[in-house]
Amino acid sequence: MNRAPLKRSRILHMALMGASDPLGEAEAIKEKPFLLRALQITLVVSLYWVTSISMVFLNKYLLDSPSLQLDTPIFVTFYQCLVTMLLCKSLSTLAAFCPGAMDFPTLRLDLRVARSVLPLSVVFIGMITFNNLCLKYVGVAFYNVGRSLTTVFNVLLSYLLLKQTTSFYALLTCSIIIGGFWLGVDQEGAEGTLSWTGTLFGVLASLCVSLNAIYTKKVLPAVDGSIWRLTFYNNVNACVLFLPLLLLLGELQTLLNFSQLGSTHFWGMMTLGGLFGFAIGYVTGLQIKFTSPLTHNVSGTAKACAQTVLAVLYYEETKSFLWWTSNMMVLGGSSAYTWVRGWEMKKIQEEPSPKEDEKSSMGV
C-alpha cells in the first residue's frame, strides 16, 4: 500500500506526541466541517498568542519589577526549568497510569542519554538565560527587535556549519531585518532608553536560538525523536548546570536576603512562569498541527506586533515614527523571509527529480 510522504507539520506532530504516524488524525481534521475547523484554528491561535504574550509580561515582572526588587535572573530561569522538568515527569507518570486518557511518552532518566543531550543542553541554557537577561535590561516593546537577528544567524550558521547556500531574495529579507535592528537600536538611543547590555544579550539569545535549532536535529535520534523527551533531558541537565552558577554568582545569598521569600504571591508568580514556559512548547506544536509551519511563523510575527503595541500602551510609552518603522522592518523582513523560504521549498518539491526526467525521456 503506497502512502503519501509526511508533511513537516506531521513530522513535528510525531516528535511532539511520540506517535508513529498522525496521518489518520490529520485526515480526520480535514474531514471536519469548515466552521468547526475555523473555530478550532481560531481557538488554538488565540491560545498561542495569550500564552506567549502572558509569559513575556510575567517574566518581565519577575526579572525587573520595582515592587519585587529581586536581582536573581539565573534563579528565575532555574526555577522555570525545574517546574518544566517536574511537569514532564508528572504527565509521564499520569499517562502510564491512565493510558487511554492522555498520550505522553514514558520518561526514565538515563545518564547515557543525558550525556548525549548535554551539548544541546549547554546551548539551551544559553538560549533561555540570554532571553531572560535581555528581557531584564530592555523594555518589552523593544524585546522583539533586540532578539530579531535569529533569522540572520540561521542563514549564517547554515552556511558555516551545514554548507547550505541561501538565495538572493532570502538574503534581501535578511538585510531588511538587519536594517530594522540597527534603526531600532538608534532610536532607542535617541530616546535615552537604550541598554547596550540588554541588546548584547538579545544578540547572544538570537545566536543560541539558531544553534539550538541545528543541534536539536542532531540530538533528536538519541531521544527516539520525541520533543517531550528532549524537553525533559534538557531541563534536567539545565537544573544541574545552573546550581554552580547560582553559587558562583551569589544569587542564593541574594535570595535568602529577599524580603518576600516567604510570600505565596511571589512563589505563585514564579510557578506560573514555569507553567507558561512548559505550555508554550505544547501550544506551539498545537498551532502547527492545526495550521502549518508557515502559518505558525506568520502567526508568531503577528503576535510579536501585537505584543509590541500592548507593551507601549501598558507602560504608557511614546515612540517616534522611526522607532515604529524599525519594528515594521523587522517584522516585515521576518515575514518576507518565511514566505520566500516557503515558496522555494514548494518549488523544489514540484520540480521533477533527474531520474524521473530520464524515465520520461525513455518513455518509461
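Residues numbered from 1 in each chain as written. Predicted model: local features only at pLDDT ≥ 70, side-chain atom pairs only at ≥ 80, totals over all residues. Heavy atoms only, no water.

Caption draft 1: Main features of the UniProt feature "transmembrane region" (unreviewed entry) in the protein. Per the UniProt record, "transmembrane region" (unreviewed entry) is annotated on residues 34-57, 77-101, 113-130, 142-161, 168-185, 197-215, 227-246 and 266-286. A distance of 28 Å separates the end C-alpha atoms of residues 227-246, which is 100% helix and 0% strand. (UniProt positions renumbered as here; feature names shortened; annotations may be inferred. Helix = DSSP H or I, 4+ residues; strand = E, 2+ residues; numbered from the N terminus.)

Caption draft 2: Representation of the packing of aromatic side chains. Enumeration over the complete set of coordinates arrives at 18 aromatic pairs. Centroid distance Phe 75 to Trp 267: 6.2 Å. Interplanar angle 85°. Geometry classified as edge-to-face. Of this pair, Phe 75 sits in helix H4 (residues 73-97) while Trp 267 is found in helix H12 (residues 264-290), placing the two residues 192 residues apart along the sequence. Since its relative accessible area comes to 6%, Phe 75 is described here as buried. Residue class for Trp 267 comes out partly exposed when judged on its relative accessible area of 26%. With a centroid separation of 5.0 Å and 65° between ring planes, the pair formed by Phe 266 and Trp 267 is classed as edge-to-face. (Phe/Tyr/Trp six-rings, centres within 6.5 Å; stacked < 30°, edge-to-face > 60°. Buried < 20%, exposed > 50% of the residue type's maximum accessible area, 1.4 Å probe, protein only.)

Caption draft 3: Region of interest: the confidence of the model for the protein. Looking at the protein, pLDDT values average 86 and 88% of them are 70 or higher. Confidence drops under a pLDDT of 50 for residues 1-26, and excluding neighbours within four residues, the segment shows 35 contacts in the predicted structure. Per-residue pLDDT stays below 50 along residues 360-364; that stretch engages in one contact with residues further than four places along the chain or on separate chains. (pLDDT = per-residue confidence, 0-100. Contact = heavy atoms within 4.5 Å.)

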